[in-house]
Structure formats: C-alpha cells, structure tokens
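# What the coordinates show
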Amino acid sequence: MSNETLKAIMERNTCRDFKPEPLEPTQIERLVNAALAAPSAMNLQPWHIIVVTDDSLIMEMDEAVMEFIKHDAEWHKRMLDRGGRVFYNAPCMIFIAKDESEAAPLDCGIVSQNIALAAHSMGLGSVICGMARYAIDHNPEFAKRLKFPDGYSFGMSVGVGQINTGKAPHELDKNKVTYIG
C-alpha cells in the first residue's frame, strides 16, 4: 500500500503488552501535537490533554479500575486472563478530559484516534482505554490529581509505549457495511 496514512490505519492494532521503558520527551511532544491537531465541531476543542508518566499514579488507577470491575466476574476474569492490568503496563497514559458540550464525546474519540495513529507511525504501541473512567468517576481524587480543569470530566484515555508483544490487526468485517446508491 503506497499511501502511508491508509497503511497506518490498516496496520495499527491495540497493544496489550508494553515494555517498561519510558517514552522520550520528543515522542511525548509529537503525541501531544497529534492530539491537539484533531478536528473538533466548530473548532471548539472541548478537551484538555493530561500526560501521565508517573508509574505509581498509573498503577493506582489501574488497581482502582480492577477493584471496580470485580462486581462483574466474567469481565474481571477476562482482564485477569490478559495479565490483570487495564492499562497493560503502558509507561505513558494520555488522558483526555472533556467539557460538557454536546460534541465533546465524539471529539475526544477523534483525539484518541489521532494519538493512536501517531503512536503507530512512530513505531509505538497504543491502547485506547475507556475503562479509566471507572477510576476517575468513582474516586474524584483522581480527577484532582490529574488536574482536570473545573467543569471537565473523563473523555477517554490512551496508553502508549514500546510494544513488548504484538499481534496482527483485526480482520475487516465487510458484513458491517451497507452501500446505497
């Protein structure tokens, strides 16, 4: 495939096993710039980007989510079977806080996709993780520690790091498409 953007879209997959090595500051800056370059409804940019490389905070949040999902035995077992880590030991978590505008959830999804594709293009792995919501929503102290601006709540998070073990992208399911016209 000659188009680099389409190639990145087709090759990118979710990383569920990161190496512990931290990202370089230049790598983080590129990811942040990719996030900030995301389009948004009427260019309102209803987000605030929070980059966390503090291993202990990431682990605390990871453990809080695992504790929260214990009420669902099947879900909890699935996560335990995947190593018992929601963030899969990512050395960098990028949290996207959102304001309360109507388009904010969709716009945060676009930001997270920009981060994931940028990470892939840089040879890094990523995991888009909505489960971080459980730590933040059920313990407001995390939002304070993450320095969410007033009036902002969890939008999405993306874990990024060096890939320890990878996997192939998922198969395209053409049955999910309807053509009209």
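Up top you'll find the structure we're talking about.
Note that the coordinates shown come from a computational prediction; the quantities given were computed from them, not determined experimentally.

## A word on the overall build of the chain
When helices and strands are counted, the chain shows seven helices and four strands. When its helices and strands are written in sequence order, the chain yields α-α-β-α-α-β-α-β-α-α-β. For 181 residues, the compact-globule formula gives about 16 Å, and the C-alpha radius of gyration of the chain, at 17 Å, lands near that figure. Principal-axis analysis of the C-alpha atoms places the extent of the chain at approximately 50 × 40 × 40 Å. Counting only residues that meet the buried cut, the chain has 40% of its 181 residues in that class. When contacts within the chain are restricted to residue pairs at least 6 apart in sequence, long-range pairs at least 24 apart make up 80% of them. With the model as given, the accessible surface of the chain reaches about 10600 Å², and the carbon-plus-sulfur share is 52%.

## Describing helix α2 (residues 25-36)
A rise of 1.5 Å per residue sets the reference length of α2, with its 12 residues, at 16 Å; its end C-alpha atoms lie 16 Å apart and thus fit the reference within 8%. Among the residues of α2, Q27, I28, L31, A34 and A35 are the ones counted as buried. Considered in projection along α2, the buried side chains sweep an arc of 120° and stay on one side of the axis. Every exposed residue of α2 that faces more than 90 degrees away from the buried side is listed here: P25, E29 and R30. Against the buried residues of α2 lie β1 (47-52), β2 (92-98), α5 (104-121) and β4 (153-161).

## Side note on the pattern of salt bridges
The tally for this structure, following the rule as stated, stands at five salt bridges. Across the pair D62 and R85 runs a salt bridge, and its minimum N-O distance is 3.8 Å. Here the residue D62 occupies a position in helix α3 (residues 55-68), and R85 occupies one in the loop between α4 (73-81) and β2, the gap between them amounting to 23 residues. Given the relative accessible area of 23%, R85 is considered partly exposed.

## A few points about the sheet that holds β2
A sheet is described by the order of its strands in space; here four strands give the open sequence β1-β2-β4-β3, paired in antiparallel fashion. Across the chains shown, the open sheet's two edge strands, defined by having one partner strand only, are β1 and β3 (125-128). Taking each pair of neighbouring strands and ignoring which way they run, the sheet shows an average axis angle of 20°. Relative to β4, β2 is paired through seven bridges, and the arrangement is antiparallel. By the bridge assignment, C92 is partnered in β4 with V160. The strands touched by α5 within the sheet are β1, β2, β3 and β4, with β2 carrying the most contacts at an inclination of about 160°.

Rules and cut-offs
- Residues numbered from 1 in each chain as written.
- Predicted model: local features only at pLDDT ≥ 70, side-chain atom pairs only at ≥ 80, totals over all residues.
- Heavy atoms only, no water.
- Helix = DSSP H or I, 4+ residues; strand = E, 2+ residues; numbered from the N terminus.
- Rg over C-alpha atoms; globule rule 2.2 N^0.38 Å.
- Buried < 20%, exposed > 50% of the residue type's maximum accessible area, 1.4 Å probe, protein only.
- Contact = heavy atoms within 4.5 Å.
- Areas by Shrake-Rupley, 256 points an atom, 1.4 Å probe, with all protein chains shown as cover.
- Expected span 1.5 Å × (residues − 1).
- Arc of directions from axis to C-beta.
- Salt bridge = Lys/Arg side-chain N within 4 Å of Asp/Glu carboxyl O.
- Pairing = 2+ DSSP bridges.
- Axes fitted to C-alpha atoms, helices over the stretch in contact; angles between N-to-C directions.

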